[in-house]
Amino acid sequence: VEASIPEPQRAAWTKHQVGGFKDKDAFESEVVRHVETTLARSLYNCDETAAYSATALAFRDRLILEWNRTQQRQTFSDSKRVYYLSLEFLMGRALDNAMLNVEQKDLAKDGLAELGFRVEDVIQQEHDAALGNGGLGRLAACFLDSLASLNYPAWGYGLRYRYGIFKQEIIDGYQVEVPDYWLDFNPWEFPRHDVTVDIQFYGKVLTETNDKGNAISQWEGGETVKAVAYDVPIPGYATPTTNNLRLWSSKAASGEFDFQKFNSGEYESSVADQQRAETISAVLYPNDNLDRGKELRLKQQYFWVAASLYDIVRRFKKTRRPWREFPDQVAIQLNDTHPTLAIVELQRILIDLEGLEWDEAWNIVVNTFGYTNHTVLPEALEKWSVPLIENLLPRHLQIIYDINLYFLQTVERDFPGDSDLLRDVSIVEESEPKMIRMAYLAIVGSHKVNGVAELHSELIRTTIFKDFVRIFGPDKFTNVTNGITPRRWLHQANPRLSELIASKTGGHGFLKDLTALNKLELYIDDKDFRKEWAEIKYANKVRLAKHIKATTGVTVNPAALFDVQVKRIHEYKRQQMNIFGAIHRYLELKAMSPEQRQKQMRRVSIFGGKAAPGYWMAKQIIHLINSVGAVVNNDKDIGDLLKVVFLEDYNVSKAEMIVPASDISEHISTAGTEASGTSNMKFVLNGGLIIGTCDGANIEITREVSQDNIFLFGHLSEEVDDLRYAHHSGDHVVDPKLVGVFEEIENGRFGNPKDFSDLISAVRDHGDYYLVSDDFSSYVDSHAAVDEAYRDQEGWITKCITSVSRMGFFSSDRCINEYAEGIWNVEPLDTTKDKTA
Ligand code: 9GP
């Protein structure tokens with residue numbers, strides 16, 4: 001690495017190499033330096049915010065040194081890189097993660113204590129980087145952690161939204177959205193004003209004939225916007241590897257503003273271009289599992305993939321390899337269909353700008369891309385209208401048509417005369433207006449397509465993509481069951497449990513090889529171990545109870561069973577069934593004599609999650625939960641037998657507090673709708689059990705922890721179609737228990753019944769698409785089984801320890817190794833050979 005510095009200057013450069021802090025003293029001196037210089041604060045008025053900023057800057061400096069070395073190492077090794085394209089990276093807070101991953105939290109804790117601060121308080125000052133909606137974005141963040149921790153040469157590419165997902169406030173029981181302006185102070189990013197790319201939109205296509213008589217198309221854009229790179233270092237755990245997440249920000253190409261307009265007094269319009277350009281990366285679309293087809297979203301997608309591909313191609317060209325070697329150097333993974341235009345953009349670069357023949361270019365494209373599907377929900381499968389694409393990206397539309405033409409020609413060759421098949425698999429849907437089916441384009445343009453849990457991968461093979469399995473053969477379709485990083489979701493979120501596990505499994509090795517958790521089963525009868533296990537859970541519940549009190553005013557008993565459902569609010573996730581279940585429990589308690597009542601188990605029903613701002617039903621669900629809470633929590637007959645709380649503004653840092661405090665968590669989607677789910681894994685890893693349906697990764701969790709340690713209920717995915725059909729053929733009878741719940745809501749027990757009438761009629765009058773009534777009775781029974789199991793505290797602890805010990809499979813490290821081997825064909829880089837590391 002050093003050899004890259006010219007001989008005459010090498011000595012000076014290497015003599016002054018910065019090392020980062022190595023001990024507590026050096027750390028403190030870095031913090032004080034940042035307080036006094038970077039932050040321009042005096043030592044005498046340093047508050048917690050300033051202490052956070054200075055600590056973050058000290059760690060950032062450290063990370064960037066490793067980042068530099070990592071980039072050099074990866075470049076010099078000339079190895080294949082992975083590029084993970086995701087429109088969402090739900091990173092959460094960075095400081096705690098950085099301290100833990102570089103294994104210097106204890107040092108920072110002691111140093112901060114000497115300077116007069118508690119490390120926990122300092123960490124709390126950080127604003128979440130909430131550049132994502134839910135599972136999809138958090139998965140991308142876990143993957144970055146694993147890629148770095150396993151030393152894979154990898155970059156993430158995303159958008160630097162000025163506003164992340166909105167902040168949720170609950171006012172009078174309703175969700176209110178408030179903008180999340182998170183960039184006020186963000187020490188974790190490095191603006192790269194030298195790394196900019198001009199991105200074109202609109203315009204027209206000029207076609208000329210070259211010397212060989214071939215048509216050559218060139219796109220002349222009508223508008224240009226600048227993409228500016230911002231780099232975020234991603235430290236691996238206990239390794240020098242620090243990878244890069246590059247986020248693009250949009251800027252007007254023509255500089256700050258239009259001087260001519262400004263000089264002629266048109267002050268407002270002089271900045272209009274700038275504002276229009278900056279709008280592209282301004283907001284994250286707050287829809288989870290829902291496609292809205294807005295032009296700005298398409299602009300975001302193209303802006304981001306075009307900038308990223310320009311960057312990737314520029315890096316490849318520096319190697320001076322022939323184009324055919326591109327897929328040997330570059331693997332690009334499409335996180336859902338959002339980056340699918342990258343397929344078209346690379347084909348355009350190769351044929352229009354680099355002059356390759358179509359077939360040669362297409363071969364390179366297909367071997368470069370892999371596509372991950374994350375949903376089978378029809379409303380989430382992206383389609384773009386042809387007129388919209390034609391206007392915004394005229395050359396890309398032509399290329400999409402050509403891709404489709406050549407694809408359909410092969411289908412016609414292999415399945416002659418099957419016009420239904422041609423229509424069904426066409427990338428262009430013959431609707432009015434015509435639509436481009438992005439998932440189909442992603443399949444045709446990738447060499448591998450994967451689902452995210454076994455059931456989900458099976459469903460895509462046999463339902464939405466079944467025709468493509470016929471066409472391409474089964475090998476193109478594969479499964480990589482999702483996972484989570486144990487660094488954030490155990491070590492960081494639940495430090496005491498992590499230490500306890502370390503003390504029994506021979507150190508922190510389990511954080512690198514999660515299967516080492518199986519050693520815990522040896523201690524299943526160890527009294528001290530079990531006692532400490534229970535104490536940790538209780539302490540985590542006490543912490544959450546304090547938060548509940550502080551934020552909702554409701555007092556909950558930490559000895560009660562904490563029953564948690566935190567995730568995006570969606571009808572398919574069935575929070576409505578959960579709150580109907582809570583109402584049912586309440587009505588049953590009310591009907592009991594005081595003596596009978598006192599024999600019942602205590603429960604706290606905890607909800608959290610955001611509803612997309614335009615999603616009416618989801619907002620009604622939130623309102624119902626809060627309205628039920630207002631009644632139940634103030635009912636003297638009930639006391640602490642039942643509490644219902646809704647936690648405002650669920651996000652990653654709140655999850656880190658909520659997940660370790662759960663006894664039972666709810667993953668109760670209609671079978672066949674939740675592709676995987678990943679919070680199910682987080683809860684079990686933290687010693688909580690699951691009540692759930694046979695859906696997504698619940699099925700594999702059951703296989704690992706065994707049927708005895710999970711509460712499964714409800715219909716199976718293969719039964720869903722028949723049930724839905726039956727609902728519409730007139731024999732839909734609502735479950736009697738649910739009828740009782742509906743009656744109470746309609747009697748006004750929880751406020752104005754009109755507010756909740758749509759929730760009821762969806763089940764009773766409109767076909768109950770999500771099978772709430774069909775599953776209700778087994779759901780209630782399953783909760784009774786939970787109560788009984790919890791009564792036996794020793795038995796419960798055994799279940800929890802057993803489950804944790806069997807969770808090794810669900811590390812995102814396992815997933816990343818599967819992607820690397822089965823899809824990307826990349827190897828980790830040996831960091832031990834690097835002297836500077
Ligand atoms: O809904 C799925 C969720 O089940 C899965 O765990 C997550 C990560 O694979 O992706 C979600 N899908 C989307 O957000 C949109 O496709």
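Since the model is a prediction, treat every value here as computed from it, not as a measurement.

S.K.: Is there a simple way to explain the overall build of the protein chain in this structure?
M.R.: Along its length, the protein chain carries 35 helices and 24 strands. Here the C-alpha radius of gyration of the protein chain, 28 Å, is about what a compact globule of 837 residues would show, namely 28 Å. Seen through its C-alpha atoms, the protein chain measures out along the principal axes to roughly 95 × 75 × 65 Å. In the protein chain, which comprises 837 residues, the proportion classed as buried is 48%. Within the protein chain, contacts between residues separated by at least 24 positions form 76% of all contacts whose residues are at least 6 apart in sequence.

S.K.: What is the right way to look at helix α13 (residues 341-353) in this model?
M.R.: Structural remark: α-helix, 3.6 residues per turn; residues separated by three or four positions point the same way. Along its 13 residues, α13 runs 17 Å from first to last C-alpha, staying within 8% of the 18 Å computed at 1.5 Å per residue. Of all 13 residues that make up α13, 10 are buried, and the element is covered over most of its length. Taken together, the buried positions of α13 are occupied by Leu-341, Ala-342, Ile-343, Val-344, Glu-345, Leu-346, Gln-347, Arg-348, Leu-350 and Ile-351. Positive backbone phi, approximately 75°, marks Gly-355, located one or two places after α13.

S.K.: Help me out: how do you make sense of the sheet that holds strand β24 (residues 711-712) in this one?
M.R.: Two pairing modes exist for strands in a sheet, parallel and antiparallel, and in both the strands are linked by backbone hydrogen bonds. Pairing is parallel in the open sheet, where six strands are placed in the order β21-β20-β19-β22-β23-β24. Each edge of the sheet is formed by a strand with only one pairing partner; in this case those strands are β21 (642-647) and β24. With six bridges connecting them, strand β20 (residues 603-608) and β21 associate as parallel partners. Of the residues in β21, the one forming a bridge with Ile-606 is Val-645.

S.K.: Please clarify how the site of the ligand should be interpreted in this entry.
M.R.: The ligand sits among 18 residues. The nearest are Gly-135, Leu-136, His-374, Thr-375 and Ser-676. Taken together, the residues of the shell around the ligand break down into five nonpolar, 10 polar and three charged. When residues of the shell around the ligand are assigned to domains, at least three fall in each of domain 2 (78-93 + 128-481) and domain 3 (500-810).

S.K.: Looking at this structure, how should I read the confidence of the model for the protein chain?
M.R.: Do not read the fine detail of predicted coordinates wherever pLDDT is low. For the protein chain, per-residue confidence averages 95 on the pLDDT scale, and residues scoring 70 or more make up 99% of the total. In the predicted assembly, ipTM is 0.99 and pTM is 0.97.

S.K.: How should the sheet that holds strand β7 (residues 190-201) be read in this particular structure?
M.R.: Taken in spatial order, the nine strands line up as β7-β10-β11-β4-β1-β12-β13-β17-β18 in an open sheet, and their pairing is mixed. Each end of this open sheet is capped by a strand with a single partner; those strands are β7 and β18 (477-479). Pairwise comparison of adjacent strand axes, ignoring direction, gives a mean angle of 25° for this sheet. Both strand β10 (residues 223-235) and strand β11 (residues 242-252) contribute to a ladder of 11 bridges, which runs antiparallel.

S.K.: Looking at this structure, I do not really get the domain arrangement of the protein chain. What am I missing?
M.R.: Often, the extent of an interface is quoted as the loss of accessible area upon association of its parts. Domain assignment breaks the protein chain into domain 1 (1-77 + 103-125), domain 2 (78-93 + 128-481) and domain 3 (500-810). Each of domain 2 and domain 3 was reduced to a C-alpha centroid, and the two centroids are 36 Å apart. Taken together, the elements giving at least two residues each to the side of domain 2 that touches domain 3 come down to β2 (89-92), α7 (135-149), β5 (167-171), β6 (174-178) and α19 (454-462). The class makeup of the residues in the side of domain 2 that touches domain 3 is 16 nonpolar, 14 polar and eight charged.

S.K.: Help me understand the packing of helix α11 (residues 295-317) against α13, please; the structure alone is not making it clear to me.
M.R.: Packed helix pairs are characterised by how far apart their axes lie and by the angle those axes make with each other. Packing of α11 against α13 leaves a shortest axis separation of 9 Å and a crossing angle of 50°. When the interaxial angle is binned, α11 and α13 end up oblique. You can see that α11 and α13 cross each other, and the crossing is right-handed. Only Leu-341, Ala-342, Glu-345, Leu-346 and Ile-349 of α13 make contact with α11, whose side of the interface consists of Gln-301, Tyr-302, Val-305, Ala-306, Leu-309 and Val-313. Residues belonging to the contact of α11 with α13 are distributed by class as follows: nine nonpolar, one polar and one charged.

Here is what the cut-offs are and how they apply
- The written sequence of each chain sets the order in which its residues are numbered from 1.
- Predicted model: local features are reported for residues with pLDDT of at least 70 only, side-chain atom pairs are reported and counted for 80 or more only, and whole-chain, interface and lining totals are derived from all residues.
- Secondary structure elements follow DSSP: runs of H or I no shorter than four residues count as helices, runs of E no shorter than two count as strands, and numbering proceeds from the N terminus.
- C-alpha atoms define the radius of gyration, and 2.2 Å times the number of residues to the power 0.38 defines the globule rule.
- The burial label depends on the number of other C-beta atoms within 10 Å of a residue's C-beta. Counts of 20 or more mean buried, 12 or fewer mean exposed, and intermediate counts mean partly exposed, with C-beta atoms placed from the backbone.
- Contact between two residues is assigned when their C-beta atoms, built from the backbone, lie within 7 Å.
- One less than the number of residues in a helix, times 1.5 Å, gives the span that helix is expected to have.
- We call two strands paired when DSSP finds no fewer than two bridges between them.
- Using a C-beta atom placed from the backbone, a residue is described as near a molecule or strand when that atom lies within 6 Å of it.
- The residue classification treats Ala, Val, Leu, Ile, Met, Phe, Trp, Tyr, Cys and Pro as nonpolar and Asp, Glu, Lys and Arg as charged. All others, Gly included, are polar.
- An automatic or database domain assignment supplies the residue ranges for each domain.
- Residue-level confidence of the predictor is summarised by pLDDT, bounded by 0 at the bottom and 100 at the top.
- Interaxial angles span 0 to 180 degrees and are taken between N-to-C directions of axes, which are lines fitted to C-alpha atoms, for helices over the stretch in contact.
- In this scheme, roughly parallel covers angles under 35 degrees and roughly antiparallel covers those over 145, while 65 to 115 is roughly perpendicular and the rest are oblique.
- Left-handed describes a crossing in which the near helix is turned anticlockwise from the far one by less than a right angle; the clockwise case is right-handed.

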